[in-house]
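Chain and residue survey
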Amino acid sequence: MKLIRLSELLLGQSAILKEIKINGLQRRRLLDFGFIKDSEIQVAQRSPLGDPTAYWIKGALIALRKEETDNIFVEVNQNAKGQLYE
């Protein structure tokens, strides 16, 4: 299946995390937040200017800037039935 950047997901769309192309402390921080391979992520909210964006992952709401999400690659979850969390 085709991988896309996390920043390309639409509001409300969910995906499965496949690859993080970030190194060092920034990568460690993402792993600590739960950005682990095969985790499900959903776009929860975008700021009025489009950056940062908030994502639901493992029950936590995490806001990330586009410069980070451009380096996170996901597979769109075609089987999602809407909201992960209410």
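Our subject is the structure listed above.
Below or above, wherever it landed, is the structure these notes cover. Since this is a predicted model, take the numbers as computed values, not measurements.

1. Remarks on the overall build of the chain
Per the secondary structure count, the chain includes two helices and six strands. If you line up the chain on its principal axes, its C-alpha atoms span 35 × 30 × 25 Å. Here the chain holds 86 residues, and the buried ones make up 36% of them. The long-range fraction of contacts in the chain, counting pairs at least 24 apart against all pairs at least 6 apart in sequence, stands at 64%. In the form shown here, the chain has an accessible surface area of approximately 5400 Å², with 49% of it arising from carbon and sulfur atoms.

2. Describing the side chain of Thr69
Structurally, the position occupied by Thr69 is in helix H2 (residues 66–69). Setting aside chain neighbours within four positions, we find Thr69 in contact with Arg5, Leu6, Ser7, Tyr55 and Leu64.

3. A look at the sheet that holds strand S1 (residues 3–5)
Spatial strand order, S1-S6-S2-S3-S4-S5: six strands in an open sheet with antiparallel pairing. What marks the edges here is a single partner per strand, and that holds for S1 and strand S5 (60–64). In this sheet, neighbouring strand axes are inclined to one another by 45 degrees on average, regardless of whether the strands run parallel or antiparallel. Relative to strand S6 (residues 72–76), strand S2 (residues 14–20) runs antiparallel, the two sharing five bridges. Bridging across to S6, Glu19 finds its partner in Phe73. Contacts from helix H1 (residues 24–33) reach S2, strand S4 (53–57), S5 and S6, with the element oriented near 155 degrees to S5.

4. Some points on the packing of aromatic side chains
Any pair of aromatic rings gets described here by the distance separating the centres and the angle formed by the planes. What the rule picks out here adds up to zero aromatic pairs. Looking at Lys21, its charged tip hangs above the ring of Phe73, at a distance of 4.9 Å from the centre.

5. Digging into unusual backbone geometry
Residue Pro52 follows Asp51 across a cis peptide bond; omega there is 10 degrees. Position of Pro52 relative to the elements: it lies in the loop between strand S3 (40–46) and S4. The phi torsion at Lys58 lies on the positive side, around 50 degrees, for a residue other than glycine.

6. Here's the deal with the nonpolar core
Ranked by internal contacts, the top residues of the largest apolar core, which has 18 residues, are Leu6, Leu9, Phe35, Ile41, Ile72 and Val74. Looking at this core, the elements with two or more residues in it are S2, S3, S4, S5 and S6.

7. Description of the environment of Asp51
With respect to the helices, strands and loops of the structure, Asp51 is situated in the loop between S3 and S4. Remark: the alpha-carbon pair of Asp51 and Lys21, spanning 30 residues in sequence, is separated by 20 Å. Polar contacts involving the side chain of Asp51 include one to the main-chain amide nitrogen of Lys66, which spans 2.8 Å.

Cut-offs and rules
- Residues numbered from 1 in each chain as written.
- Predicted model: local features only at pLDDT ≥ 70, side-chain atom pairs only at ≥ 80, totals over all residues.
- Heavy atoms only, no water.
- Helix = DSSP H or I, 4+ residues; strand = E, 2+ residues; numbered from the N terminus.
- Buried < 20%, exposed > 50% of the residue type's maximum accessible area, 1.4 Å probe, protein only.
- Contact = heavy atoms within 4.5 Å.
- Areas by Shrake-Rupley, 256 points an atom, 1.4 Å probe, with all protein chains shown as cover.
- Pairing = 2+ DSSP bridges.
- Axes fitted to C-alpha atoms, helices over the stretch in contact; angles between N-to-C directions.
- Phe/Tyr/Trp six-rings, centres within 6.5 Å; stacked < 30°, edge-to-face > 60°.
- Lys NZ or Arg CZ within 6 Å of the ring centre and 35° of its normal.
- Core = buried A, V, L, I, M, F, W, Y, C linked by side-chain atoms within 4.5 Å.
- Polar contact = N/O pair within 3.5 Å; in protein donor to acceptor, adjacent residues only side chain to side chain.

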